[in-house]
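Architecture at a glance
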Amino acid sequence: MAESRPEVPPGGWHQPMPRPGWEGARLASWGSRAGAWLIDGVVLLVPIIALFFLLVAGAAGISGGDDFSLGAAIVGLVLWVILVCAVTLFYAPVLMARRGPGNGQTLGKQMVGIRVVPDGGEPMTFWPGALREVVIKGLAVGVASTFIPFVPWLLDNLWPLWDDENRALHDMAASTHVVRA
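Here goes a summary of the coordinates provided. This is a predicted model, so every value here is computed, not measured.

Our next topic: the environment of glycine 142. When you line up the elements, glycine 142 lands in helix H4 (residues 126-147). Considering only alpha carbons, one finds glycine 142 and proline 152, 10 residues apart in sequence, at a separation of 8.0 Å.

What follows is the structure in structure tokens.
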């Protein structure tokens, strides 16, 4: 009986196997991701501080003179908290869902030349952006950080330093990559 031998693939046996991993645009560095995060923080901080002085400090001084209006200050504070939550929740998903060249970018990402892309290659839309930024980065990492203070947030943000595809934990959970624009 003849012995069956496996068929030799084209190019021979010593051909390198394709390596699994990201095959899209060039991946963003950790430094560019950190820079975008810092810029976005400043972009959000400026209106938050301005709103505070406008609503809370302004409401406290509504009665004029030396009178302090505690009721107006509390209403201003509640309104300020609601507006801060809205701005913080909608900032990244709304900007990342833009059509055209700004798709997948917050203002910070745009300034450093990086963008978020879904693994499937389609444009970023509002709901995947909200899942990534609000649910995973905000809520999941935030809740985990209440049990073990600071460690989950630190791990999530430093993970790209040793990941082969420069992905943070929230990128893996949301099936996204951060690439150069």
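It is worth spelling out the side chain of lysine 109 at this point. Position of lysine 109 relative to the elements: it lies in helix H3 (residues 107-112). Buried lysine 109, no salt bridge; nearest opposite-charge side chain is aspartate 40, N-O distance 4.4 Å. With residues up to four places along the chain from it excluded, the contact list for lysine 109 reads Ala36, Asp40, Gly104, Ile114, Val116 and Arg132.

If you walk through the whole model with that rule in mind, you get 7 aromatic pairs. Ring centres of phenylalanine 90 and phenylalanine 126 lie 6.1 Å apart, and the angle between their planes is 20°; this geometry places the pair in the stacked category. Of this pair, phenylalanine 90 sits in helix H2 (residues 70-96) while phenylalanine 126 sits in helix H4, placing them 36 residues apart in sequence. On the basis of relative accessible area, phenylalanine 90 is assigned to the partly exposed category, the value being 46%. Arranged with centres 5.3 Å apart and planes meeting at 65°, the rings of tryptophan 159 and tryptophan 162 form a pair that is edge-to-face.

Further remarks concern unusual backbone geometry. Even without being glycine, asparagine 166 reaches a positive phi, approximately 55°. The phi dihedral of serine 175 falls on the positive side, at around 55°, and the residue is not glycine.

Here we come to the packing of H4 against helix H5 (residues 151-158). Packing of H4 against H5 leaves a shortest axis separation of 7 Å and a crossing angle of 135°. Of the possible angle classes, the one that applies to H4 and H5 is oblique. Between H4 and H5, the residues in contact are Lys137, Val141, Ala144 and Ser145 and Pro152, Trp153 and Asp156, respectively.

What counts and how
Position labels on residues start from 1 in each chain and follow its written sequence. Given that this is a predicted model, residues contribute local features only at a pLDDT of at least 70 and side-chain atom pairs are listed and counted only at 80 or more, while totals for whole chains, interfaces and linings are drawn from all residues. As a rule here, side-chain values cover all heavy atoms of the structure and leave hydrogens and water aside. The helix count covers DSSP runs of H or I at least four residues long, the strand count covers runs of E at least two residues long, and both are numbered beginning at the N terminus. The cut-offs for exposure are 20% and 50% of the maximum accessible area for each residue type, with area from a 1.4 Å probe on protein chains only; residues under the lower value are buried, those over the upper are exposed, and the others partly exposed. Under the convention used here, Asp and Glu are negative, Lys and Arg are positive, and both His and the chain ends fall outside the count. Salt bridge, as used here, is a side-chain nitrogen of Lys or Arg placed within 4 Å of a carboxyl oxygen of Asp or Glu. The criterion used for residue contact is that any of the two residues' heavy atoms lie within 4.5 Å. Each Phe, Tyr or Trp ring (for Trp, its six-membered ring) is paired with any other whose centre lies within 6.5 Å, and the angle between the two planes then decides the class: stacked below 30 degrees, edge-to-face above 60, tilted in between. For helices, the fitted axis covers only the stretch in contact; all axes are lines through C-alpha atoms, and the angles between them, taken along N-to-C directions, range from 0 to 180 degrees. Under this scheme an angle from 65 to 115 degrees is roughly perpendicular, one under 35 degrees roughly parallel, and one over 145 degrees roughly antiparallel; angles in between are oblique.

The quantities given are spatial measurements derived from coordinates; they are silent on function.
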